[in-house]
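Listed below, chain by chain, are the residues.
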Amino acid sequence: KTAKKEVTKLSKYLCIDLKTFYASVECVERKLDPFSTNLVVADESRGKGTICLAVSPKMKMLGVKNRCRLYEIPPNIKYIIAKPRMKKYIEYSANIYAIYLKYLSKDDIYVYSIDEAFLDVTSYLKLYKMDEIELAKTILKDIYNTYGLTATAGIGTNLYLAKVALDIMSKHTPTNIGYLDEELYKRKLWHHKPLTDFWQIGRGIEARLNKKRIYDMYDVAHTNPKILYKEFGVNAEFLIDHSWGKESCTIKDIKNYKTKNVSISGSQVLFEDYNFENARLVLKEMVELNSIKLVEKNLITDTISLYIGYSKNIINSTGGSMKLANYTNTYSDLLPYFLKLYDNTTNRTVPIRRIGVSFNRLVSDEAEQLSLFENREKITKERKIELAISNIKQKLGKNAIIKGMDLENGATTILRNKLIGGHNAYD
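Just so it is clear, the structure is predicted and the values come from calculations on it, not from any experiment.

K.L.:
Sorry if this is basic, but what is going on with the sheet that holds strand 8 (residues 177-180) here?
P.N.:
Taking strand neighbours across the sheet as the criterion, the 5 strands line up as 5-6-1-7-8 in an open arrangement whose pairing is mixed. Looking at strand neighbours, the two that pair on one side only are strand 5 (109-113) and strand 8, the edges of this open sheet. The average undirected angle you get between the axes of adjacent strands in this sheet is 20 degrees. One ladder, built from 6 bridges, connects strand 1 (residues 13-18) with strand 7 (residues 151-156); its direction is antiparallel. Bridge assignment links leucine 18 to a residue of strand 7, and that residue is alanine 151.

Take a look at the structure:
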């Protein structure tokens, strides 16, 4: 009883994750149990090399890893292949958010991803006369009873501990709920390996730590901070705090944060290897689509960036940034700069697989200062045309109006307009 009161006093945050979300939704839609059904979510039309966006819990029990490729699944396992339906998953995610709103104000909810959210329950425990474990169980049960989806939860005295409790601790409890405070974190996870199990530590950071003979969070906590700051710069502060289970950022801080440097960017992984000319066409489409975004938001830019990634990482990526002569947001002004950057930096003999564009140093178009040599009437006319195109697409669909280049061989805009997040949107 005393321990229960202590937990209630310390815990403030829940981090809730919808277990194998995409695969579970597909099972529920088929009236199948995700824990007894072999199902993967993948677009089979892209070939056996396509990545599985999710696999059902039953497939995981058989040793099939999430984000594997179809050809990596053992041939002796029979399974259902569900084509991704991103619009359906977004619909489910919105419905789950509505469940959170039954218990908390939107000000105390931070949606971290389509299947994960942080909830600040500090001020609600007294209201519901529950401790945070009981409240977590209530919400998870509501999700399951309403939509048939199994969720897991991490409970922590800060956002970081809630996330780590979810990622590491919840997997080893019959209730699918893990709990951590700073003392429990040090006692149970200081010597936990690998480091990549901890939030915000990827393989690259782990490798750099290992080179310093740092193999767990205890090592991080007891390493001379000067060594870590020399290796990671200001980011060492977060690493050191997290090694002690500390995190000062709150949901309120996240919601109040405003970035200083505004930018708009877009990227895509091509469906197949593209040669220099075909990729150049896709670049034109991307510049056109993003220049319309600038006009819609009444923003202008004077700096652009380009990223080109090559097939199978045959060579390092290329691209770079370029300063424009003037602030602008019109396609006719922006395209020549992108093409110049592309032509001057891109390898013409290696297949291309990834393209990224970015419009940086954005300011309101009200701050625009035209030179004496610019045609104001021409610029205004082009912006009106782009706004008209945007309005038509919003009312009638993204493919309601397209450019001639979108019909050329290798163009991707028409197909990508049917996708969400690069994946199939509908049945």
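K.L.:
Looking at this structure, I do not really get the sheet that holds strand 2 (residues 39-41). What am I missing?
P.N.:
Each strand in a sheet pairs with another by means of backbone hydrogen bonds, the pair being arranged parallel or else antiparallel. Strand order in the open sheet formed by 3 strands is 3-2-4, with mixed pairing between adjacent strands. Bordering the open sheet on either side are strand 3 (54-55) and strand 4 (80-82), each of which pairs with just one other strand. Bridging between strand 2 and strand 3 involves 2 bridges; their strand directions are antiparallel. Following the sheet pairing, valine 40 is matched in strand 3 by valine 55.

K.L.:
Mind showing me how you'd approach the packing of aromatic side chains here?
P.N.:
How two aromatic rings sit relative to each other is set out by the distance from centre to centre and by the angle between their planes. Counted under the stated rule, the structure contains 17 aromatic pairs. Seen from their ring centres, tyrosine 103 and tyrosine 128 are 6.3 Å apart, and the 65 degrees between their planes marks the pair as edge-to-face. Pair noted here: tyrosine 103 is in helix 4 (residues 86-103) and tyrosine 128 is in helix 5 (residues 125-128), with a separation of 25 residues, a long-range link. Ring geometry for tyrosine 112 and phenylalanine 118: centres 5.6 Å apart, planes at 75 degrees, overall edge-to-face. You can call tyrosine 112 partly exposed: its relative accessible area is 35%.

K.L.:
Sorry if this is basic, but what is going on with the nonpolar core here?
P.N.:
It is characteristic of soluble globular proteins that their nonpolar side chains tend to be buried jointly. Ile16, Leu119, Ile139, Ile143, Tyr185 and Phe198 are the most contacted members of the largest nonpolar core, which has 70 residues in total. Element by element, the count of residues in this core is highest for helix 7 (residues 159-169), at 9 residues. Excluding anything up to four places from it in sequence, isoleucine 143 contacts Ile16, Leu18, Ile96, Ile99, Tyr100, Gly148, Leu149 and Ala151. Core analysis: the next-biggest nonpolar cluster, separate from the first, contains 32 residues, Tyr274, Val350, Val357 and Met405 among them.

K.L.:
I tried to follow unusual backbone geometry on my own but got confused; where do I start?
P.N.:
For residues besides glycine, phi is generally negative; the peptide bonds are generally trans as well. The step from lysine 193 to proline 194 runs through a cis peptide bond, and the omega angle for that step is 5 degrees. Looking at the secondary structure, you find proline 194 in the loop between helix 8 (182-189) and helix 9 (203-211). With phi around 65 degrees, arginine 67 is a residue other than glycine that occupies positive phi space. Tracing the backbone shows arginine 67 in the loop between helix 3 (57-61) and strand 4.

K.L.:
Hey, could you run me through helix 6 (residues 132-147) in this one?
P.N.:
Given 3.6 residues per helical turn, the α-helix brings residues three or four places apart onto the same face. Counted at 1.5 Å a residue, the expected span for helix 6 with its 16 residues is 22 Å, and the 22 Å between its end C-alpha atoms agrees. Glycine 148, located one to two residues past helix 6, shows a positive phi value of around 75 degrees.

K.L.:
Where do I start with the environment of isoleucine 292 in this structure?
P.N.:
Note on placement: isoleucine 292 falls in helix 14 (residues 276-296). A residue is classified by how much of its surface remains accessible, and isoleucine 292, at 6% relative accessible area, is buried. Counting along the chain gives 97 residues from isoleucine 292 to isoleucine 389, while the straight-line C-alpha distance between them is 8.4 Å. Leaving out residues up to four positions away in the same chain, isoleucine 292 has contacts with Glu386, Ile389 and Ser390.

K.L.:
Quick question: what am I supposed to make of the pattern of salt bridges here?
P.N.:
Close approach of charged atoms lets side chains of opposite charge pair. Within the structure shown, the criterion is met by 15 salt bridges. Glutamate 26 is the partner of arginine 85 in a salt bridge, and the nearest nitrogen-oxygen pair spans 2.9 Å. A residue pair is termed long-range when its members are at least 10 positions apart, and arginine 85 in the loop between strand 4 and helix 4 and glutamate 26 in helix 2 (residues 21-29) qualify at 59 residues. For arginine 85, a relative accessible area of 11% corresponds to the buried category. Where lysine 212 meets glutamate 231, a salt bridge forms, and the shortest distance between an N and an O atom there is 3.7 Å. Here lysine 212 is found in the loop between helix 9 and helix 10 (217-221), whereas its partner glutamate 231 is found in helix 11 (residues 225-232), with 19 residues between them in sequence. Glutamate 231 sits in the partly exposed class, given a relative accessible area of 25%. Within the structure, one salt-bridge network assembled from shared partners comprises Glu26, Arg30 and Arg85.

K.L.:
Before we go on, may I ask you to explain the pairing of strand 7 in this structure?
P.N.:
Taken residue by residue, a regular strand's side chains alternate between the two faces of the sheet. Counting buried positions over the 6 residues of strand 7 gives 6, a clear majority of the element. In the sheet, strand 7 pairs with strand 8 via 4 bridges, with the strands oriented parallel. From the neighbouring strand, alanine 153 faces strand 8, where its bridge partner is isoleucine 177.

Rules of the game
Residues numbered from 1 in each chain as written. Predicted model: local features only at pLDDT ≥ 70, side-chain atom pairs only at ≥ 80, totals over all residues. Heavy atoms only, no water. Pairing = 2+ DSSP bridges. Helix = DSSP H or I, 4+ residues; strand = E, 2+ residues; numbered from the N terminus. Axes fitted to C-alpha atoms, helices over the stretch in contact; angles between N-to-C directions. Phe/Tyr/Trp six-rings, centres within 6.5 Å; stacked < 30°, edge-to-face > 60°. Buried < 20%, exposed > 50% of the residue type's maximum accessible area, 1.4 Å probe, protein only. Core = buried A, V, L, I, M, F, W, Y, C linked by side-chain atoms within 4.5 Å. Contact = heavy atoms within 4.5 Å. Expected span 1.5 Å × (residues − 1). Salt bridge = Lys/Arg side-chain N within 4 Å of Asp/Glu carboxyl O.

The quantities given are spatial measurements derived from coordinates; they are silent on function.
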